[in-house]
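Reading the structure
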Amino acid sequence: MHNTLTEAVMSSLLFIGIDPNTGDKQSPTVWVDQDKQELVFQGWKPGPELEAQCAAFEVPGHAKGIPDNEAVIRIPARMVHMIREACDAVERTDIR
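First, a word on what this report is: a plain description of the structure on this page. Note that the structure is a prediction, hence the values are computed from the model and not measured.

About the criteria used
Residues numbered from 1 in each chain as written. Predicted model: local features only at pLDDT ≥ 70, side-chain atom pairs only at ≥ 80, totals over all residues. Heavy atoms only, no water. Helix = DSSP H or I, 4+ residues; strand = E, 2+ residues; numbered from the N terminus. Buried < 20%, exposed > 50% of the residue type's maximum accessible area, 1.4 Å probe, protein only. Contact = heavy atoms within 4.5 Å. Areas by Shrake-Rupley, 256 points an atom, 1.4 Å probe, with all protein chains shown as cover. Expected span 1.5 Å × (residues − 1). Arc of directions from axis to C-beta. Core = buried A, V, L, I, M, F, W, Y, C linked by side-chain atoms within 4.5 Å.

1. Some words on the overall build of the chain
From N to C terminus, the chain includes three helices and three strands. Put simply, the chain runs from its N terminus to its C terminus through helices and strands in the order α-β-β-β-α-α. Relative to its 96 residues, the chain shows a buried fraction of 19%. Of the contacts formed within the chain by residues at least 6 apart in sequence, a portion of 48% connects residues at least 24 apart. Accessible surface, the chain as shown: approximately 7400 Å² in total, 53% of it carbon and sulfur.

2. Quick look at helix α3 (residues 80-91)
Because an α-helix completes one turn every 3.6 residues, residues spaced three or four positions apart along the sequence face the same direction. Counted at 1.5 Å a residue, the expected span for α3 with its twelve residues is 16 Å, and the 17 Å between its end C-alpha atoms agrees. Within the span of α3, buried status applies to Met82, Ala86, Ala89 and Val90. One side of α3 carries all its buried residues, which in axial view fall inside an arc of 95°. For α3, exposure combined with an orientation more than 90 degrees from the buried face picks out Arg84 and Glu91. Looking at the buried side of α3, the elements it contacts are β1 (13-18), β2 (29-33) and β3 (38-42).

3. Focus: the nonpolar core
Among the nonpolar cores identified, the biggest contains eight residues, and these are Ile16, Val30, Val32, Met79, Met82, Ala86, Ala89 and Val90. For this core, the secondary-structure elements that each account for two or more residues are β2 and α3. The leading source of residues in this core is α3, at four residues.

Geometric descriptors of this kind do not, in isolation, establish any biological role.
What follows is the structure in structure tokens.
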């Protein structure tokens, strides 16, 4: 039996790419949510030191801390071209 909600959510995701150096247990990935016009990233969790540095960052409009509904993730620099492709895809008028 197919889950219609899952199918609807899955159909809005446009797969862009996966870390070319991925192994069996790691898979940083880039998608575009075409319905919400958002970039979606799967990446590595930061270590406690990096997370603390990010949580301590404060500038106007960015309070200290990481809200419960947000996360810090790490994406390898070798995936920059995929992030650019995702940015182009989310800006295309045909998905708006």
